[in-house]
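Take a look at the letters that make up each chain.
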Amino acid sequence: MDAAEAEIGKVQREIDQVTAEARTAAVQGRDEDARRLYKKEEQLRKKEEQLREKELIALRAAGPTQQLTNNSRQLIETNLWHLPPPQQPSTHIEVHEWLFQQAGLRLPVLPWFYQLVLIDNPQLAQQFLTPTDGSAAACTFTNLLHLRPVANWFTTEAPTSVMASQYLMSVWRCVDILPSPLQWHPYWNATEKTSSHSSKTQKAGKRPDTMIVVDKCTMLLGKDNCQDIQQAFADLNSKRWCILPANADEGLEPIGPVLNPCRLDDSCQLLLSLVQAYRLLQVMTQSLASIPHRMRLYEKISRGTGRDIQMLEATIFKIIDSFSEYAKEQRTSFASITEAYKAANEAAAASQEPFLIASSIGPSLSTRSGRYTVHTAPCGWGPRISSEKDHHGVALACCQAAQVLHSKGLVHRDLRWGNILQISSSKYMVIDLESAAAASPLVKLPPGFANILRTCTQSALDDGCYTTRSDMYSIGVLLEEACGRPSQAGAAFIRQLKQKALSAAQALHHLQTVWTVL
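In the annotation of an unreviewed UniProt entry, the chain is listed under the name Serine-threonine/tyrosine-protein kinase catalytic domain-containing protein and assigned to Apatococcus lobatus.

In structure tokens:
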């Protein structure tokens, strides 16, 4: 082992210990002891700097060295990736077995660190570590283990989340170099609503501090000053939308031992379990069906012109920043949209199967900021149309929605595939009531209005006005777009819709008596 590196490592350990003692003294109000310890810490850091300068001078005197090669991929494949891939888990026990199936796995570290651990704890070094070259992966794992946190850092929520996020992101960036990497992105909790920040979207305690979106999965990390591990599980369970594995309704189950990253052996297990979690998520994301327009949990999507939508636990949160400008552009009003949601809510209360999006909160319009918000439910997914039965189901939902709105003197004005969601194997729902408007008095739309609302084509309009007949025409167009070769009854129904020959009530009667699908 290099003597200079050993001396530097010894000084770094002293710094860690003195820093922890100084923070403890400060917390306990022992100001004199804290000042003495902080002064000692400063002296030790100067000593470390002098040792590093001395080491650098020695390296320069030794002359040029051979060029190093980054062998990270080979190191990870050899030491961390050689177990067969996991099977899709169905219970928390199977998740535990995979995450802590660590026999034979070794973290590649730099030789000097391996020697330090070997001297202090030979069994731990041989069980969890392997000395390698100076590749990036070895440097990363060495840094995470050597500079592991001290207990005093975990006095507040933020440092805990930062530490957990740092561990996860550092490990996953290491293994991203392997084939078929996950597409993942971390998000800091920027939307938790507190008493002092009422403009945020989420109530306190309803979202974890950090969220990792992995392909089609959402992974949550959180800690809220819980007194013990049971409270921590209860806290996470209250924040979850869906939990892995499958039996989410039964709540969270502890997986593996409680790990303390301040301990070297626990840090090793934590890093290895994060590697195993990466491989497990690779399998899980592949098992999820590819569904069009899938939204990730808490993902905010901009729809242009100050319009945003965000997926929450069980609702869609919709925002229009400057509603007055939006209403002027769309030729609608807050009153019309409110009436549309009122009609939808009444229909939802009277129907066993939803066919028209309803609101759980709102809509509301801030008189101060002019901001429009609404929470809508239920949630669904992009329709997967493969048979005439599917087309019939879509037609039924559209005609039911149209009848509800038309009976209240309203028109939807945006009936297209982008506003149709599938909510079960054979049921569909019409969404997006922010384009709804009063059916009368008739409003002549300006030329080019179809650039704002795509359904407002000249063929759809009646003498330049959007009417209830225009909604029925739009239903005919969307059915024709995906129907392929419908049956004779289906083709006749679509033709009548495009000819504006059927009202919503007549179309429903037609679907129940003429174009019937078993």
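Having put the structure on the table, let's press on.
1. Notes on the environment of Val214
If you trace the backbone, Val214 turns up in strand E6 (residues 210-214). In sequence terms Val214 and Leu281 are 67 residues apart; their C-alpha atoms lie 7.8 Å from each other. The contacts of Val214, once residues within four sequence positions are left out, are Trp172, Leu182, Gln183, Trp184, Leu281 and Thr285.

2. Comments concerning unusual backbone geometry
A negative phi holds for most residues other than glycine; trans holds for most peptide bonds. Cis geometry is found at the peptide bond from Gly362 to Pro363, where omega equals 10°. In this fold, Pro363 is placed in strand E11 (residues 358-365). Between Ala377 and Pro378 the backbone carries a cis peptide bond, its omega angle lying at 0°. Assignment of secondary structure puts Pro378 in the loop between strand E12 (372-377) and helix H13 (388-407). A positive phi is found at Asp432, a non-glycine position, where the angle reads about 65°. Following the sequence through the fold, Asp432 ends up in the loop between strand E15 (428-430) and strand E16 (437-438). Owing to a relative accessible area of 5%, Asp432 belongs among the buried residues under this scheme. With a phi close to 55°, Asp463 is a non-glycine residue in the positive phi region. Of note, Asp463 is situated in the loop between E16 and helix H14 (468-482). Taking relative accessible area as the criterion, Asp463 reaches 65% and is therefore assigned exposed.

3. Thoughts on the pairing of E11
Examined bridge by bridge, E11 and E12 share five bridges and lie antiparallel to one another. Residue pairing in the sheet places Ile361 in a bridge with His375 of E12. Between E11 and E12, which pair antiparallel and follow one another directly, the connecting turn spans six residues, one of which, Gly370, has a positive phi of 75°.

4. Observations regarding the pattern of salt bridges
Applying the stated rule across the entire model yields 15 salt bridges. As a salt-bridge pair, Arg36 and Asp33 come within 3.8 Å of each other at their nearest N and O atoms. With Arg36 and Asp33 both in helix H2 (residues 31-61), this residue pair falls three residues apart, about one helical turn. The salt bridge partner of Arg73 is Glu77, with a shortest N-O separation of 3.2 Å. Pair noted here: Arg73 and Glu77 are both in helix H3 (residues 72-79), with a separation of four residues, about one helical turn.

5. With respect to the packing of aromatic side chains
Evaluated as defined, the whole model comprises eight aromatic pairs. With centroids separated by 6.1 Å and ring planes inclined at 85°, the aromatic side chains of Phe323 and Phe334 adopt a geometry described as edge-to-face. Residue Phe323 is found in helix H11 (residues 323-330), and its partner Phe334 is found in helix H12 (residues 334-350); the two are separated by 11 residues along the sequence. On the basis of relative accessible area, Phe323 is assigned to the buried category, the value being 4%. When the centroid spacing of 6.2 Å and the interplanar angle of 80° are considered together, the rings of Phe334 and Tyr372 count as edge-to-face. Residue Phe334 is found in helix H12, and its partner Tyr372 is found in strand E12; the two are separated by 38 residues along the sequence. The class for Phe334 is partly exposed, based on a relative accessible area of 25%. The ring of Trp81 is capped by Arg279, whose NZ or CZ atom sits 4.9 Å from the centre of that ring. Residue placement shows Lys500 over the ring face of Tyr473; its charged tip is 5.6 Å from the ring centre.

Reading the values: the criteria
Residues numbered from 1 in each chain as written. Predicted model: local features only at pLDDT ≥ 70, side-chain atom pairs only at ≥ 80, totals over all residues. Heavy atoms only, no water. Helix = DSSP H or I, 4+ residues; strand = E, 2+ residues; numbered from the N terminus. Contact = heavy atoms within 4.5 Å. Buried < 20%, exposed > 50% of the residue type's maximum accessible area, 1.4 Å probe, protein only. Pairing = 2+ DSSP bridges. Salt bridge = Lys/Arg side-chain N within 4 Å of Asp/Glu carboxyl O. Phe/Tyr/Trp six-rings, centres within 6.5 Å; stacked < 30°, edge-to-face > 60°. Lys NZ or Arg CZ within 6 Å of the ring centre and 35° of its normal.

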